[in-house]
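Listed below are the residues making up each chain.
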Amino acid sequence: MSALPLIAHDRPAAVIAYRRGRPISAAQFLHDVQALAAQLPAGAHVLNFCADRYCFAVGLAASLVTGKCSILPSTHTPEVIRHLRAFAPDVFCLSDDPQCPLELPQLLCGQSSAAVNGSWPASGRFQVPQIDAGQLAAYVFTSGSSGTPVPHPKTWGRLVQCVRAEVTRLAPLNPAECAILGTVPAQHMYGFESTVLLPLQSGAALCAERPFFPADIAAALRALPQARVLISTPVHLRALLTAEQALPQLELIVSATAMLPANLAREVESRYGAKLLEIYGSTETGQMASRRTAHEAQWWLWPGVRLTPSDGHCSAHGGHIERPITVADVLEPTGDEHFVLHGRTADLVNIAGKRSSLAYLNHHLNAIPGVIDGAFFVRDDTQASLAGVTRLAALVVAPRLDPAHIIQALRARIDAVFLPRPLLLVEHLPRNATGKLPQHTLTALTAQAAVQQPHLFA
Amino acid sequence: MSEHALPTQTTPHIDALALEREIAQLIVKGLNLPIQPEHIDPEAALYGEGLGLDSIDILEIALIVSKQYGIQLRADNKENARIFTSLRNFARYVAEQRIK
C-alpha cells in the first residue's frame with residue numbers, strides 16, 4: 001500500500017498555522033506532533049475534543065503517526081459518549097480544556113505540556129512522516145435512525161484524495177499562499193476536511209481560532225495576512241450580512257452544511273468582493289461536489305465521483321468514495337459530472353447546519369420514561385430568525401410529565417439545536433390508518449394547541 | 001460609562017426594568033421561544049439549563065442587539081461570563097454599551 005505525507009509543507013519555515021495572528025512553522029508543528037505522540041496512552045482510539053484548531057491538528061497528526069484512530073462524533077451528549085465507550089472501550093479524550101466535561105479518560109493537550117507551545121531545535125532534521133494510505137484515520141458518525149450513532153470508517157488515503165480534489169476547486173488561488181479561517185468546529189466532517197485536512201494537504205496555513213460572533217470573524221481575519229479564505233456556513237454568512245459587518249479583503253469564501261440560497265450567495269459575493277464556493281457533501285461520502293452558487297444551479301462532482309440513480313435515490317461511488325453510498329438527499333444527475341440538488345428526503349432535518357433524522361430524534365423522545373407517544377416535526381408556519389434558522393417542534397403524549405422535564409431528558413440525549421420549540425403536550429397523536437403523521441394534521445394540531453396553551457407560543 | 005453617571009440615582013430603576021422588558025420581548029420574538037416575555041426569570045441563566053438557550057440563540061441575540069442597540073458582542077470579551085448569567089445582567093450590559 002502506498003504512503004502519503006502527513007503535510008504538504010515542504011520547508012521547515014513554511015507557515016502551517018496562525019494563532020492570534022502569530023505564524024507557526026511546519027518544523028514547529030512536526031516537533032509538537034512528536035512530543036504529543038510520545039505522551040499518548042496505549043488506547044487505539046482518540047476522541048479529539050480540542051477546540052483550538054492547531055491543537056486539534058497536532059492531536060490528529062500525533063494519532064496518525066502512532067497508528068491511532070480519531071473518533072469524531074457529531075455531538076457530545078452523555079448518551080453519545082456512553083455509546084462511544086461501548087463502541088471503543090479503549091477510547092480516551094484529547095482535550096485542551098482542563099475542565100473538559102466528557103466522561104472519558106483525559107489527556108490535556110497544549111496547556112501544561114511542552115507539546116504545542118514548546119520550542120523546536122532549529123538544527124533538527126525536517127522530515128515529514130509518511131502515513132500508509134490504507135491506515136484507518138478516523139471514525140465519523142451519523143445519527144442513524146435507530147437511535148444509536150452509526151460509525152463510518154475513513155482511511156488516510158481516501159481523506160487525502162478527497163481534500164486534494166477540493167484543492168483543485170480553489171483555483172486560481174495558490175493554497176500555499178492562503179490563510180484559512182473556519183467558523184465551523186474541526187470535529188464536524190466539513191470542518192475536519194476544509195479547515196484541517198485541506199490546509200495540511202495543500203501547504204496552506206490553518207487558523208487556530210474559531211470565531212463565533214460577526215465581530216470575532218472580522219477580528220480573526222484582520223489578524224491574518226493575505227490571501228484570506230473563510231470557511232463558513234449559511235448561518236454565519238447571514239449573520240455577517242445582518243450585522244452589516246465589515247471584513248478585510250477576502251480571496252475566497254466557502255460555505256457548506258446547509259443549502260445556501262442563490263440570493264444570499266450573490267449578496268455575500270457583492271458585499272465582500274470575493275468568490276463564494278459552496279460545497280456539497282455528507283458525513284458518509286465526505287465532500288464530493290462544488291458550485292459557484294451565485295452564478296450556477298448545477299453541482300460539479302469531484303474528479304472520479306459518479307452518481308447512479310436507483311429506486312428514487314442516488315448512489316455515489318468512485319473517486320475518494322470507497323464503496324457505493326446511497327445519498328440521503330434527492331439528487332438528479334444532469335450529465336456524468338453534474339447534478340441538481342432537489343432537497344432532502346422527508347425524514348432528514350437540518351437545523352443551523354446540523355443534520356439528523358426525525359426517526360433518530362423520535363427514537364430518543366419515545367425512550368424517555370413516561371412518554372407514551374411523541375413525534376418531532378418541521379414547522380412550516382413560522383418565520384426564520386435573523387440568522388435564518390427555523391427550529392423543530394414536537395407533539396408529545398405524556399400525561400404524567402411536564403414539558404420542562406421532557407426537555408431536560410432530551411438535552412442529555414440529543415444535540416441542543418434539535419430541542420423542540422415548542423414541545424406541546426397532547427392527548428394523542430393524530431396518526432392516520434398507517435400510523436403516519438401527515439404534516440397538515442400536525443400543523444393543525446399545533447395551531448389548536450396554540451389557542452389552548454398560549455403561554456407556549458411567542 | 002463615565003464616573004459621574006454610575007450612581008444608581010441618575011439611572012432610575014424604572015428605566016432599567018423597562019429595558020429588561022424590552023430585551024425580553026425582543027429575545028422571545030427573535031428566537032421564537034415558547035414562553036411569554038414576562039415569564040422569563042430575570043435572574044435565571046440565559047445559556048444552558050436556565051432559559052435553555054444554545055449557541056445559535058446567542059448568535060441570534062448578538063444580531064438582535066447589533067440591530068437594535070448598535071452593540072457588537074465579542075466572544076473574547078472577559079465580561080461574557082457575567083453578561084450571559086441572566087437577563088438582568090445582560091440588560092445592564094446593553095444599557096452601558098448601547099450606541100443607539
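Before reading on, note that the structure itself is shown above.
By convention here, each chain's residues receive numbers from 1 onward along its written sequence. A letter from A marks each chain and a number from 1 marks each ligand, given out in the order of writing. A pLDDT threshold of at least 70 governs which residues receive local features in this predicted model, and a stricter bar of 80 or more applies before side-chain atom pairs are shown or counted, although totals over entire chains, interfaces and linings include all residues. Excluded from the side-chain calculation are hydrogens and water; included are all heavy atoms of the structure.

Peer 1: Outline the packing of helix α7 (residues 234–242) of chain A against helix α8 (residues 262–272) of chain A, supporting the account with residue identities and numerical values.
Peer 2: Residues and elements named next belong to chain A. For every element, the axis is a line fit to its C-alpha atoms; helices are fit only across the contacting stretch, and the angle between N-to-C directions ranges from 0 to 180 degrees. Runs of H or I in DSSP of at least four residues are treated as helices and runs of E of at least two as strands, each being numbered from the N terminus. In the contact formed by α7 and α8, the axes pass within 11 Å of each other and the chain directions differ by 55°. Considering their axes alone, α7 and α8 lie oblique with respect to each other. Two packed elements cross with a definite hand, and for α7 against α8 that hand is left-handed. In contact with Pro234, Leu237, Arg238, Leu240 and Leu241 of α7, α8 contributes Leu264, Glu267, Val268, Arg271 and Tyr272. Partitioning the contact of α7 with α8 into residue classes produces 7 nonpolar, no polar and 3 charged. Any angle between 65 and 115 degrees counts as roughly perpendicular, while under 35 counts as roughly parallel, over 145 as roughly antiparallel, and the rest as oblique. Handedness of each helix crossing follows the sense of rotation of the near helix against the far helix: counterclockwise by less than a right angle gives left-handed, clockwise gives right-handed. In what follows, a contact means two residues having at least one pair of non-hydrogen atoms within 4.5 Å. Side-chain classes are defined by residue name, with Ala, Val, Leu, Ile, Met, Phe, Trp, Tyr, Cys and Pro counting as nonpolar, Asp, Glu, Lys and Arg as charged, and the others, Gly among them, as polar.

Peer 1: Can you lay out unusual backbone geometry for me, pointing to particular residues and giving the numbers?
Peer 2: Glycine aside, residues mostly have negative phi angles, and peptide bonds mostly take the trans form. All names here are of chain A. A cis amide bond, omega 5°, links Ala171 with the succeeding residue Pro172. With respect to the helices and strands, Pro172 occurs in the loop between α4 (156–168) and β11 (179–182). The omega torsion across Arg421 and Pro422 is 5°, close enough to zero to call that bond cis. Looking at where Pro422 falls in the secondary structure, it is placed in the loop between α10 (403–411) and β27 (423–425). Of note in the backbone geometry, Ala352 takes a positive phi value of approximately 50° without being a glycine.

Peer 1: Provide a residue-level description of the nonpolar core, including the pertinent values.
Peer 2: Put simply, buried Ala, Val, Leu, Ile, Met, Phe, Trp, Tyr and Cys residues joined by side-chain atoms within 4.5 Å make one nonpolar core. Between buried and exposed lies partly exposed: a residue is buried under 20% and exposed over 50% of the maximum accessible area for its type, with that area taken using a 1.4 Å probe on protein chains only. If you look at the biggest cluster of nonpolar residues, it comprises 71 residues, and the most contacted ones within it are A:Leu47, A:Phe376, A:Ile406, A:Leu410, B:Ile23, B:Leu73 and B:Phe90. In terms of residue count, the dominant contributor to this core is helix α2 (residues 55–69) of chain B (8 residues). What A:Leu410 contacts, discounting residues up to four positions off in sequence, is A:His364, A:Leu365, A:Ile368, A:Phe376, A:Leu419, A:Pro420 and A:Leu423.

Peer 1: Quick one: what's the story with the sheet that holds strand β21 (residues 329–333) of chain A, residue by residue and with numbers?
Peer 2: All names here are of chain A. Reading across from one edge, β3-β2-β12-β11-β13-β14-β15-β16-β17-β22-β21 is the order of the 11 strands in this open sheet, with mixed pairing throughout. Only two strands of the sheet have a single partner each, and these edge strands are β3 (22–25) and β21. Put simply, the sheet's adjacent strands are angled 30° from each other on average, direction ignored. For two strands to be treated as a pair, DSSP must find no fewer than two bridges joining them. Alignment of strand β2 (residues 15–19) against β3, held across 4 bridges, turns out to be antiparallel.

Peer 1: Just give me the short version of the packing of aromatic side chains, but keep the residues and values in it.
Peer 2: All names here are of chain A. Stacked, edge-to-face and tilted are the three classes for Phe, Tyr and Trp ring pairs, Trp counted by its six-membered ring, which pair at centre distances within 6.5 Å; planes under 30 degrees apart are stacked, over 60 edge-to-face, the rest tilted. Going through the model one piece at a time under the given rule, you end up with 9 aromatic pairs over all chains. Summarising the aromatic geometry, the rings of Phe56 and Phe192 are spaced 6.1 Å apart at their centres and angled 85° between planes, so their arrangement reads as edge-to-face. Here Phe56, found in helix α2 (residues 53–65), pairs with Phe192, found in helix α5 (residues 189–202); they are 136 residues apart in sequence, far enough to count as distant. With a centroid separation of 5.4 Å and an interplanar angle of 70°, the aromatic rings of Tyr280 and Phe339 are classed as edge-to-face. Here Phe339 lies in strand β22 (residues 338–344) and Tyr280 lies in strand β15 (residues 275–282), a separation of 59 residues in the sequence. Three or more aromatic residues link up through ring pairs in this structure, and these residues are Phe87, Tyr139 and Phe141.

Peer 1: Please give an account of the pairing of strand β9 (residues 136–142) of chain A that cites residues and values.
Peer 2: All names here are of chain A. With respect to burial, β9 is a largely interior element, 6 of its 7 residues being buried. Pairing between strand β5 (residues 69–72) and β9: 3 bridges, direction parallel. Its bridge partner lying in β9, Ser70 is registered against Ala138. Here 6 bridges tie β9 to strand β10 (residues 150–155), and the two strands are oriented antiparallel to one another. Paired with Val140 across the two strands is His152, which belongs to β10.

Peer 1: Please set out the environment of A:Thr443 residue by residue, giving values where relevant.
Peer 2: Topologically, A:Thr443 is positioned in helix α11 (residues 439–452). Those residues in contact with A:Thr443, other than ones at most four positions away along the chain, are A:Asp380 and A:Asp381.

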